[in-house]
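# Observations on the three-dimensional arrangement
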Amino acid sequence: MVAKGEIALAPCVRIRWYAAGLAVALAAPLCPARAQNITGAGASFPNPIYSRWFLEYGKLHPGVRINYQPIGSGAGVRQVSQQIVDFGATDGPMTDAQLAHAQVRLLHIPTVVGAVVPVYNVPGTGAALNFSPDVLADIYLGHITRWNDPRLRRDNPGSALPDQPIAVIYRADGSGTTYVFADFLCKVSAEFLKSVGRDTSVSWPVGIGQKGNEGVAGLVRTLPYSLGYVELAYGLENGMAFGNVRNPAGMWVRASAESVESAAQAALPSIPADFRVSITNAPGEGSYPITSFTWLLLPEPARDAAKGRVLEDFVRWMLDSGQQQAAAEMYSPLPKSLAARVRASLNVLH
């Protein structure tokens, strides 16, 4: 924080002025040559853990500032592809076409495992509601429109579901959270796959759009009888009700560090060399089905070699010390075998 009577000119430079306004003196030495200001943009899904990581890494490296803007995966992919920012972040892996059109080769670096949860505001329902995958798909397709629909009542015996219309909320911006949620719905509903599809931005048949996980969470909190989808950390931070989802094993599973980790472990055999993979609807009785990795997008080569070295060092720190902080922010760390594979892949950055 800049004190009264000071101007911040650079991370390590301040100028103090005196009452007469005539004399100035440097209050701190110029930054050392290794100082770096690094910019990134993209997914809001991992923003809680990224904010913590960038802060902690900056404490260990006082000359480094990592400025990250959680503007959505779609915007992050565009900006890093056009070399506007030093790195990007996404919850939906880039397609072959996107990679081909990027101005630089981009590496996908998985960072943590997270969950997307259906959040709702239905007064008087008591225990957490259950949502079958087909029911979630048909709500977002506009086929199920009221909270007391027979299929919702079937999955929630004993819950006082009201005869009220469902106010459907979705992400209006290009969003990795949308990609994860839509990817899951495409796997459980042929109609959703055909008519809506999976992408960071889709044309929802019904509902009200909001920007960012925080926008969706904010509207659901204030709008009775609404339903939306957000990253788990946002639901927990806002004290929101979120539902259990039935997984492929037929179990009602609540999103948690354990159920998300179970999904990641189940997906390990199918993870390709470039780490671009969908793990929604993973097998296993304890697996939460709307689970995903989230990725940093690193240019190779970096436009600025010094910044590239800092980013590589940050990723190595993230794979070690950073993973230990994931659970506190309601994410699951990468499986150790996957973290080892990611660490080995960094050799191409030399």
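Residues numbered from 1 in each chain as written. Predicted model: local features only at pLDDT ≥ 70, side-chain atom pairs only at ≥ 80, totals over all residues. Heavy atoms only, no water.

### Points about the nonpolar core
The criterion, for reference: Definition of nonpolar core: a set of buried residues of the types Ala, Val, Leu, Ile, Met, Phe, Trp, Tyr and Cys, connected through side-chain atoms within 4.5 Å. With a 1.4 Å probe rolled over the protein chains alone, any residue whose accessible area is under 20% of its type maximum counts as buried; one over 50% counts as exposed, and the rest are partly exposed. Secondary structure follows DSSP: runs of H or I at least 4 residues long count as helices, runs of E at least 2 residues long count as strands, and numbering of each begins at the N terminus. Note on contacts: a residue pair is in contact if any heavy atoms of the two residues lie within 4.5 Å.
In this structure, Y140, F293 and F314 are the most contacted members of the largest nonpolar core, which totals 90 residues. No other element matches the eight residues that strand β7 (residues 105-121) contributes to this core. Setting aside chain neighbours within four positions, we find F314 in contact with W53, F54, Y57, I66 and L296. Counting residues in hydrophobic clusters, the runner-up holds nine residues, among them V77, V85, L106 and L297.

### Description of unusual backbone geometry
Glycine aside, residues mostly have negative phi angles, and peptide bonds mostly take the trans form. Of the consecutive residues E300 and P301, the connecting peptide bond is found in the cis state with omega at 5°. Backbone geometry at Q83 places phi at a positive 60°, although glycine is not the residue there. Structurally, Q83 is set in the loop between α2 (73-81) and β6 (87-90). Residue class for Q83 comes out partly exposed when judged on its relative accessible area of 22%. Non-glycine residue N281 carries a positive phi angle of around 60°. By secondary structure assignment, the location of N281 is in the loop between α10 (257-267) and β15 (291-300).

### Examining the environment of Y140
Within the secondary structure layout, Y140 lies in helix α4 (residues 133-141). Separated by 30 residues in sequence, Y140 and Y170 have C-alpha atoms that sit 8.9 Å apart. Aside from chain neighbours lying at most four places away, what touches Y140 is V168, I169, Y170, F181, L185, F192, W204, P205, V206, L227, G228 and Y229.

### Comments concerning the packing of aromatic side chains
The condition that has to hold: Between the rings of Phe, Tyr and Trp (Trp by its six-membered ring), a pair exists once the centres lie within 6.5 Å; its type follows the angle of the planes, with under 30 degrees stacked, over 60 edge-to-face, and the other angles tilted.
This model, assessed by the stated rule, comprises 24 aromatic pairs. Aromatic side chains Y140 and Y229 sit 5.9 Å apart centroid to centroid with 65° between the ring planes, which places their arrangement in the edge-to-face category. In this pair, Y140 is assigned in helix α4 and Y229 in strand β11 (residues 226-231), connecting sequence segments 89 residues apart. Members of the aromatic cluster, joined through ring pairs, are Y50, W53, F54, Y57, Y68, F87, F314 and W317.

### Observations regarding the sheet that holds strand β14 (residues 252-253)
Counted only if it meets this: Two strands pair under a simple rule: DSSP has to find at least two bridges between them.
Pairing is mixed in the open sheet, where three strands are placed in the order β8-β13-β14. In this open sheet, the two edge strands, each paired with only one partner strand, are β8 (130-131) and β14. As paired elements, strand β13 (residues 244-246) and β14 share two bridges and run antiparallel to each other. Bridging from a neighbouring strand, R246 pairs with W252 of β14.

### Focus on the packing of helix α11 (residues 305-320) against helix α12 (residues 336-345)
Counted only if it meets this: Between the N-to-C directions of two axes lies an angle of 0 to 180 degrees, each axis being a line fitted to C-alpha atoms and, for a helix, fitted only over the stretch in contact. Just so you know how the angles are binned, under 35 degrees is roughly parallel, over 145 roughly antiparallel, 65 to 115 roughly perpendicular, and the rest oblique. With the far helix as reference, a near helix turned anticlockwise by less than a right angle produces a left-handed crossing, and one turned clockwise produces a right-handed crossing. Asp, Glu, Lys and Arg are counted as charged, while Ala, Val, Leu, Ile, Met, Phe, Trp, Tyr, Cys and Pro are counted as nonpolar; the rest, among them Gly, fall into the polar class.
Following both chains from N to C, one finds α11 and α12 inclined at 165°, their axes separated by 10 Å at the closest point. Classed by the angle they form, the pair α11 and α12 counts as roughly antiparallel. Classified by chirality, the crossing of α12 by α11 is left-handed. In this structure, α11 uses R316, L319 and D320 to contact α12, whose residues at the interface are A339, V342 and R343. Among the residues making up the contact of α11 with α12, the classes are represented as three nonpolar, no polar and three charged.

### Focus: the confidence of the model for the protein chain
Quick reminder of the rule: As a per-residue measure, pLDDT tells how confident the predictor is, with possible values from 0 to 100.
Chain-level pLDDT for the protein chain is 89 on average; 89% of the residues reach the 70-or-more range. Within the model, the stretch residues 1-33 combines pLDDT values under 50 with 43 contacts to residues more than four positions away or in other chains.

### A short note on the pattern of salt bridges
The following threshold applies: We define a salt bridge as a side-chain nitrogen of Lys or Arg found within 4 Å of a carboxyl oxygen belonging to Asp or Glu.
Inspection of the entire model under this criterion finds 15 salt bridges. For E329, the salt bridge is made with R52, and the minimal N-O distance between the two is 3.4 Å. Of this pair, E329 sits in the loop between α11 and α12 while R52 is found in helix α1 (residues 47-60), placing the two residues 277 residues apart along the sequence. Since its relative accessible area comes to 18%, E329 is described here as buried. The residue D183 makes a salt bridge to K187 at a minimum N-O spacing of 3.8 Å. Of this pair, D183 and K187 both sit in helix α6 (residues 176-188), four residues apart, roughly one helical turn. Exposure remark for D183: the relative accessible area of 3% places this residue in the buried category.

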